[in-house]
Amino acid sequence: MKRILLKLSGEALAGNNSTGFDEDIVLDVANQVKQAIEQDIQIGVVIGGGNFWRGRTSNNIGRCKADQIGMLATIMNAIYVSEIFESVGLETEVLTPFEVGRFTKMYSIDRANKHLKHKKVVFFAGGTGHPYFSTDTAAALRAIEINADTILLAKNIDGVYDCDPNEYDTAKKYDEISLKEVIDKNLKVMDLTAAIMCLENKMPMLVFGLNEKNGIINTLSGDFKGTNIKV
């Protein structure tokens, strides 16, 4: 793999905290990404906002405004995580699909490709810039736009199961599954829009637990313990 899109769960970055960040987890991610960059792998990153905001659970806020707050949560995450990445010696850029003053730069595919080729880690923050589209959809869209080899989906569980392993002791983990099966069985690996985009554009995914020791490096080197989602 020469270019990947790393999708990080906001909840996974919070660790055992209910909100915010577990800085040890973020530092571990940064050091693993640094190893990957040193192996000449180009990396784009999308981070969810669930460690700060899950507006869809509120009945008192309209969906559009709730999603806008969620977009801002992803920008806070990207700025924080990019700074941790910088602290271990990486170069980063935070790109957003709308103006955020001096905090970020505007996204364009040319700008993203330029930074990736110069070994910068590019954070795609702010989702797609539109309500009704999740960060899963943003990750799928950016991966397709930058022509990534695959999406690495780092979650707070270690793969794809036939039901929620936190609720059912009988939950079965898939070592390998097709995107069509994920959609047909409604396995909720990512939202339906994102899954269909990946299917139509033949974008595979590797799903693994962020809490796995060296999970990112293991996945990139082939020592994979999660779920391989094929197209």
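Just so you know, these numbers come straight off a predicted model, no measurement behind them. As a convention, each chain's residues are numbered from 1 in the sequence order in which they are written. Only residues with pLDDT of at least 70 get local features here, since the model is predicted, and only at 80 or more are side-chain atom pairs given and counted; chain-wide, interface and lining totals rely on the full set of residues. Side-chain figures throughout are based on the complete set of non-hydrogen atoms in the structure, without hydrogens or water.

Is there a simple way to explain helix H7 (residues 192–200) in this structure?
An α-helix turns once per 3.6 residues; consequently, residues spaced three or four apart project the same way. Only protein chains enter the accessibility calculation, which uses a 1.4 Å probe. A residue is then buried if its area is under 20% of the maximum for its type, exposed if over 50%, and partly exposed in between. Helix numbering and strand numbering both begin at the N terminus, where a helix is a DSSP run of H or I of at least 4 residues and a strand a DSSP run of E of at least 2. Taken as a whole, H7 has its buried residues at Ala194, Ala195, Met197 and Cys198. Along the axis of H7, the buried residues cluster in a sector spanning 160 degrees; they form a single face. Those residues of H7 that are exposed and aimed more than 90 degrees away from the buried face are Leu192 and Glu200. Close packing links the buried residues of H7 with helix H5 (135–145), strand S6 (150–155), helix H6 (179–184) and strand S10 (205–209). Nitrogen and oxygen atoms within 3.5 Å of one another constitute a polar contact, given that in protein one can donate a hydrogen and the other can accept it, and given that sequence-neighbouring residues count only through two side-chain atoms. Where H7 begins, the side chain of Asp191 points an oxygen toward the backbone nitrogen of Thr193, at a separation of 3.0 Å. Positive backbone phi, approximately 55 degrees, marks Lys202, located one or two places after H7. Within this analysis, the arc is defined by the directions that extend from the helix axis to the C-beta atoms. Throughout, a contact is declared for two residues whenever any of their heavy atoms are within 4.5 Å.

Mind showing me how you'd approach the packing of aromatic side chains here?
Aromatic ring pairs: the centre-centre distance and the angle between the two ring planes describe each pair. Think of it this way: a Phe, Tyr or Trp ring, Trp meaning its six-membered ring, pairs with another when their centres are within 6.5 Å, and the plane angle makes it stacked under 30 degrees, edge-to-face over 60, tilted otherwise. For the coordinates displayed, the defined rule picks out 4 aromatic pairs. With a centroid separation of 3.9 Å and 15 degrees between ring planes, the pair formed by Phe21 and Tyr80 is classed as stacked. Separated by 59 residues along the polypeptide, Phe21 in the loop between helix H1 (10–14) and helix H2 (23–38) and Tyr80 in helix H3 (residues 63–87) bring together distant segments of the chain. By relative accessible area, Tyr80 is classed as partly exposed at 23%.

Where do I start with the nonpolar core in this structure?
Soluble globular proteins tend to pack their nonpolar side chains together in the buried interior. Of all hydrophobic cores here, the largest spans 36 residues; its most connected members are Leu6, Leu8, Val33, Ile43, Phe85, Val121 and Phe123. Of all the elements, H2 adds the most residues to this core, at 6 residues. The contact partners of Phe85, leaving out residues within four places of it in the chain, are Val26, Val29, Ala30, Val33, Leu90, Thr92, Val121 and Phe123. Residues belong to a common nonpolar core when they are buried Ala, Val, Leu, Ile, Met, Phe, Trp, Tyr or Cys residues joined through side-chain atoms within 4.5 Å. Residues Ala143, Ala148, Val182 and Met203 belong to the second largest nonpolar core, which totals 31 residues.

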